[in-house]
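Chains, contacts and geometry: an overview
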Amino acid sequence: MSELDRLVGTLKQRLKSQGITYRELATRLGLSEASVKRMFATRRFSLDRLLEIGHLLGFSLAELAQEAALSGTRLHTLSEVQERELVSDEKLLLVAVCVLNHWTFDEILAVYRLGEAECIQRLARLDRLRLLDLLPGNRVRLNVARDFDWLPAGPIRSFFRRQGLGDFLHSDFAAADEVMAFSHGMLTESALAKLQAEIRTLRRRFAELHEESLTAPLAKRHGTGMLLALREWELGAFTRLRRRA
């Protein structure tokens, strides 16, 4: 990704986090919405225009450039050792999940039974793990890429399978804000590949909606889990009835 791509990506993220649409930005800049969309799509910004957008967002161009530069070094995954440290301490894992969901220090203390010293200690450990930068006033700056994920067969996912999966599925999924669907069919390899691409697209959309929701106060946001699973599979009772070769 080029420096310009990172800068434009940073501008887009800042617009989303502040709830500013292209239409609203166009109004503030005295441009048409189509012009603003074209500007972002083609990545053709004059220096004056970049300064103007930065000013509207409350950032200097230097601050935006610094954040864009940092985005190129952000974590996409942790190591197995780092993940193991997270699951070794329940409170550390709790604080990590909270900050990854953009909770503030005060919000964590208000909801969970954690003392200030305990929370600061965990934030400092997350800083050492490079998940975040601990700033003055117990503020944090996340150091994870937009596509950050846990290791496929790592300690975090193993922890979830042992302690979270059963609890997540312990529901009839009948409430208005719940849904569960299961499908079974026989697909070719090319069909499977297409379906895997659709799942990746859905996960990206989930991440986008998560970012859009960050502009709402914590009381308006609800922890939401989405489980997507796909593999070649046959019910065990059927497998036992197969003829042996």
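Being a predicted model, the structure only gives us computed values, none of them experimental.

**Looking at the environment of Gln-121**
Residue position: Gln-121 is located in helix H9 (residues 116-128). On the basis of relative accessibility, which here comes to 45%, the residue Gln-121 falls in the partly exposed class. On a C-alpha basis, the gap between Gln-121 and Leu-131 in space is 14 Å, while along the polypeptide they are 10 residues apart.

**Overview of the packing of helix H2 (residues 22-29) against helix H4 (residues 47-57)**
Here H2 crosses H4 at 115°, and the two axes come no closer than 11 Å. For the element pair H2 / H4, the angle class is roughly perpendicular. The interaxial crossing formed by H2 with H4 has right-handed handedness. Facing H2, whose interface residues are Leu-25, Arg-28 and Leu-29, H4 presents Arg-49, Glu-52, Ile-53 and Leu-56. Residue composition of the contact of H2 with H4, by class: four nonpolar, no polar and three charged.

**What to know about the side chain of Asp-89**
Considering the arrangement of structural elements, one finds Asp-89 in the loop between helix H6 (80-87) and helix H7 (90-100). For Asp-89, a relative accessible area of 13% puts it in the buried group. In contact with Asp-89, other than residues within four places in its own chain, are Arg-122 and Arg-125.

**Considerations on the domain arrangement of the protein**
Looking at the protein, the domain boundaries give domain 1 (3-71), domain 2 (75-170) and domain 3 (173-244). In this complex, domain 2 contributes 10 residues to the contact, which on the side of domain 3 involves 12 residues. Summing both partners gives a buried area of about 970 Å² for domain 2 against domain 3, and 62% of it is carried by carbon and sulfur. At the junction of domain 2 with domain 3, the criterion picks out one salt bridge. In this structure, the salt-bridge partner of Asp-149 is Arg-203, at a minimum N-O distance of 3.1 Å. The tally of links between domain 2 and domain 3 comes to two residue pairs in polar contact (both at pLDDT 80 or more).

Rules used throughout
Residues numbered from 1 in each chain as written. Predicted model: local features only at pLDDT ≥ 70, side-chain atom pairs only at ≥ 80, totals over all residues. Heavy atoms only, no water. Helix = DSSP H or I, 4+ residues; strand = E, 2+ residues; numbered from the N terminus. Buried < 20%, exposed > 50% of the residue type's maximum accessible area, 1.4 Å probe, protein only. Axes fitted to C-alpha atoms, helices over the stretch in contact; angles between N-to-C directions. Parallel < 35°, antiparallel > 145°, perpendicular 65-115°, else oblique. Left-handed = near helix turned anticlockwise from the far one by under 90°. Contact = heavy atoms within 4.5 Å. Nonpolar A, V, L, I, M, F, W, Y, C, P; charged D, E, K, R; others polar. Domains from an automatic or database assignment. Buried area = accessible area lost by both parts, 1.4 Å probe. Salt bridge = Lys/Arg side-chain N within 4 Å of Asp/Glu carboxyl O. Polar contact = N/O pair within 3.5 Å; in protein donor to acceptor, adjacent residues only side chain to side chain.

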